[in-house]
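# Remarks on the overall topology
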Amino acid sequence: MTEMPDLPWTTSEGPVFKAPWEAAAFAMTVRLHEEKHFTWPEWADHLAAEIADARQRGEPDLGDTYYEHWLNALEKIVVAKGLASHDELGQLKQDWIHSTLATPHGQPIELKRSSRA
Amino acid sequence: MRVKALETLLSEKGLVDSSAIDTVIELYETKIGPRNGAAVVARAWSDPDYKARLLENGTKAIAELGFEGVQGEDMMVVENTDSVHNVVVCTLCSCYPWPTLGLPPVWYKSAPYRSKVVRDPRGVLSEFGVELPDSVEIRVWDSNAELRYLVLPNRPAGTDDLSEAELAELVTRDSMIGTALVAAPAS
């Protein structure tokens with residue numbers, strides 16, 4: 001392969017996902033689509049909008065932040081389709097953060113829920 | 001945390017379950033990838049009738065080999081010849097034929113590739129190390145959520161004696177996106 005100084009591409013195969021959260025975000029989207037909670041064009045519109053926003057913000061968007069766009073799009077389509085509410089998601093994120101902080105290093109994290117049963 | 005929160009919420013609501021999530025991940029990490037597309041290309045090189053079916057109705061011909069599913073519902077196969085070279089992009093996001101190529105490489109999803117390949121395909125190809133004569137027309141295909149493209153690369157010279165399986169070995173992912181040519185086997 002010749003050198004390509006100014007562009008981030010490489011022809012090596014590399015791992016499909018860089019981190020487990022990327023794989024989980026990807027797989028949840030595929031499952032929700034398979035269960036017909038949204039069509040693929042609807043999904044592509046959400047993802048393209050996130051990518052366009054990143055561009056607007058002037059981010060270099062070299063492909064390495066792709067699953068961050070993906071996750072933003074997934075949260076939005078889940079709320080837009082009424083599968084979960086913005087508040088529910090926000091509360092659970094808080095609960096996960098608190099549970100993580102409350103768990104000693106090396107122990108499996110047990111989710112402790114606030115407010116709701 | 002954000003992914004955990006989503007996963008917890010969706011599974012509590014019965015919308016996704018974790019074993020199904022694991023199955024999907026395993027599928028894309030181990031079973032779905034460019035080897036599938038390489039099998040399609042090798043079949044087309046070996047069997048003129050199959051090639052005709054493939055160019056006529058890509059989705060159906062690819063399904064004959066058992067490759068179908070999300071992002072493979074509507075496939076169009078574009079053939080490279082001595083006078084035409086095809087390159088695929090998705091300018092808006094990352095539409096890509098998963099059943100035949102797996103998930104896209106990082107550069108395919110990058111803004112520089114998505115914008116530059118449309119403006120200056122010859123320049124991008126040259127950065128990939130592909131130099132084509134001026135007489136070759138370069139066609140850029142913009143994938144979308146409804147239609148995805150697979151490039152049928154030129155069969156390299158000196159491969160008349162190779163079996164279909166040996167031919168498939170020569171076919172790389174990038175040659176089916178159009179950012180590489182298939183090299184003749186080292187003799």
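Criteria and thresholds
Residues numbered from 1 in each chain as written. Chains lettered and ligands numbered in written order. Predicted model: local features only at pLDDT ≥ 70, side-chain atom pairs only at ≥ 80, totals over all residues. Heavy atoms only, no water. 1 Å grid on protein atoms, 1.4 Å probe; cavity = no way out; pocket = protein on both sides within 12 Å on 5 of 7 lines; lining within 4 Å. Points joined across faces, edges and corners; volume = space filled by probe spheres on them. Helix = DSSP H or I, 4+ residues; strand = E, 2+ residues; numbered from the N terminus. Axes fitted to C-alpha atoms, helices over the stretch in contact; angles between N-to-C directions. Left-handed = near helix turned anticlockwise from the far one by under 90°. Contact = heavy atoms within 4.5 Å. Nonpolar A, V, L, I, M, F, W, Y, C, P; charged D, E, K, R; others polar. Buried < 20%, exposed > 50% of the residue type's maximum accessible area, 1.4 Å probe, protein only. Pairing = 2+ DSSP bridges. Buried area = accessible area lost by both parts, 1.4 Å probe. Salt bridge = Lys/Arg side-chain N within 4 Å of Asp/Glu carboxyl O. Polar contact = N/O pair within 3.5 Å; in protein donor to acceptor, adjacent residues only side chain to side chain. pLDDT = per-residue confidence, 0-100.

So, on to empty space enclosed by the protein. The final tally for this structure, using the stated rule, is one cavity of 30 Å³ or more. Approximately 50 Å³ is the volume attributed to the largest cavity. Trp40, Trp43, Ala44, Leu47, Tyr66 and Trp70 of chain A together with Gln71, Cys93, Ser94, Cys95 and Trp98 of chain B together form the lining of the largest cavity. If you list the elements that add at least two residues to the lining of the largest cavity, you get helix H2 (40-56) and helix H3 (66-80) of chain A. With four residues, the single largest contributor to the lining of the largest cavity is H2 of chain A.

Now for the packing of helix H1 (residues 20-34) of chain A against helix H1 (residues 2-12) of chain B. At their nearest, the axes of H1 of chain A and H1 of chain B sit 10 Å apart, and the two run at 35 degrees to each other. Helix-helix and strand crossings are classified by hand; for H1 of chain A and H1 of chain B the assignment is left-handed. Where H1 of chain A abuts H1 of chain B, its residues Trp21, Ala24, Ala25, Met28 and Leu32 of chain A lie against Val3, Leu6, Glu7 and Leu10 of chain B. Looking at the contact of H1 of chain A with H1 of chain B residue by residue, the class counts come to eight nonpolar, no polar and one charged.

This part takes up the pairing of strand E2 (residues 84-89) of chain B. All names here are of chain B. With respect to burial, E2 is a largely interior element, six of its six residues being buried. Side chains of E2 alternate between two faces, with Val84, Asn86 and Val88 and His85, Val87 and Val89 buried alike. Across six bridges, E2 lies against strand E3 (residues 137-142) in parallel orientation. The residue of E3 that forms the bridge with Val88 is Trp141.

What follows is about the interface of chain B and chain A. Chain B puts 49 residues into the contact, and the matching count from chain A is 58 residues. For the pair chain B and chain A, the summed buried area comes to about 4700 Å², and 72% of that belongs to carbon and sulfur atoms. In this assembly, chain B and chain A are joined by three salt bridges. Where chain B packs against chain A, one counts eight residue pairs in polar contact (both at pLDDT 80 or more).

Take the confidence of the model for chain A next. Residues and elements named next belong to chain A. Residues at a pLDDT of 70 or more form 85% of chain A, whose mean pLDDT is 82. Ranking the helices and strands of chain A by mean pLDDT puts H3 first, with 94, and helix H4 (residues 86-102) last, with 83. Low pLDDT, under 50, characterises residues 1-11; the predicted model gives this stretch 30 contacts beyond four residues in sequence or across chains.

Let us look at the pattern of salt bridges. Taken as a whole, this structure holds 19 salt bridges over all chains when the rule is applied. Put simply, Arg114 of chain B and Asp61 of chain A hold a salt bridge, and the shortest N to O gap is 3.4 Å. Of this pair, Arg114 of chain B sits in helix H7 (residues 111-119) while Asp61 of chain A is found in the loop between H2 and H3, placing the two residues in two different chains. On the basis of relative accessible area, Arg114 of chain B is assigned to the buried category, the value being 5%. For Asp61 of chain A, a relative accessible area of 3% puts it in the buried group. Among the salt bridges present, the one from Glu137 of chain B reaches Arg139 of chain B, with a minimum N-O distance of 3.0 Å.

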